[in-house]
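Commentary on secondary and tertiary structure
The lines below spell out each chain.
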Amino acid sequence: MRLSRRCRYGVRALIALAVEGEGAPVSIKIIAERERIPVPFLQQLFFRLKKAGMVKSVRGPGGGFTLARAPEKVPVLDILQALGEGVDVTECVAEDRKTVVCKLAKQCAPRALWQKLEEAVRGVLGGTTLADLCEQKRELRIRK
């Protein structure tokens, strides 16, 4: 599994929003500068995040974006899904698969391994919150 730039940037942007804003609106331009993410790309990410109910926009002077939920209530898995990223390790064990795509699924020795791997990935991403990552960001700043 390899996370896309969209997901890596999206997670970084939400960390910046949570840490920098602390509840106050933060402009895309500020986040883009601090995280070195191109503004047009960040606008696309925030459009997806807003549509998924992860962020809210505030118009007018001093406007920008805020988190729609408290950071401790935002699992990283939710962020990736809001950005349209699947965390499936392989098609044959994808969570959203309604039908088995592989004719050998019943005879596939590594299939159980792929399922365990997918459960582990989902467990880590679902058990890590935006608040956890914000705390790590703050610790890294102190170590500087």
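Reference entry: report on the structure contained in this document.

Rules used in this analysis
Residues numbered from 1 in each chain as written. Predicted model: local features only at pLDDT ≥ 70, side-chain atom pairs only at ≥ 80, totals over all residues. Heavy atoms only, no water. Pairing = 2+ DSSP bridges. Helix = DSSP H or I, 4+ residues; strand = E, 2+ residues; numbered from the N terminus. Core = buried A, V, L, I, M, F, W, Y, C linked by side-chain atoms within 4.5 Å. Buried < 20%, exposed > 50% of the residue type's maximum accessible area, 1.4 Å probe, protein only.

1. Topic: the pairing of strand β1 (residues 55–58)
Two faces, one strand: in a regular strand the side chains alternate between the faces of the sheet. By the bridge criterion, four bridges tie β1 to strand β2 (residues 64–67) in an arrangement that is antiparallel. For V58, the partnering residue across the bridge sits in β2 and is G64. In this antiparallel pair of consecutive strands, β1 and β2, the connection spans five residues, and G60 shows a positive phi of 95°.

2. Quick word on the nonpolar core
Core analysis: the largest hydrophobic core is formed by 36 residues, its most contacted members being L17, L42, F46 and L130. Breaking this core down by element, the ones donating at least two residues are α1 (5–21), α2 (28–35), α3 (39–51), β2, α4 (76–82), α5 (111–127) and α6 (130–143). For this core, the leading source of residues is α1, giving 10 residues.

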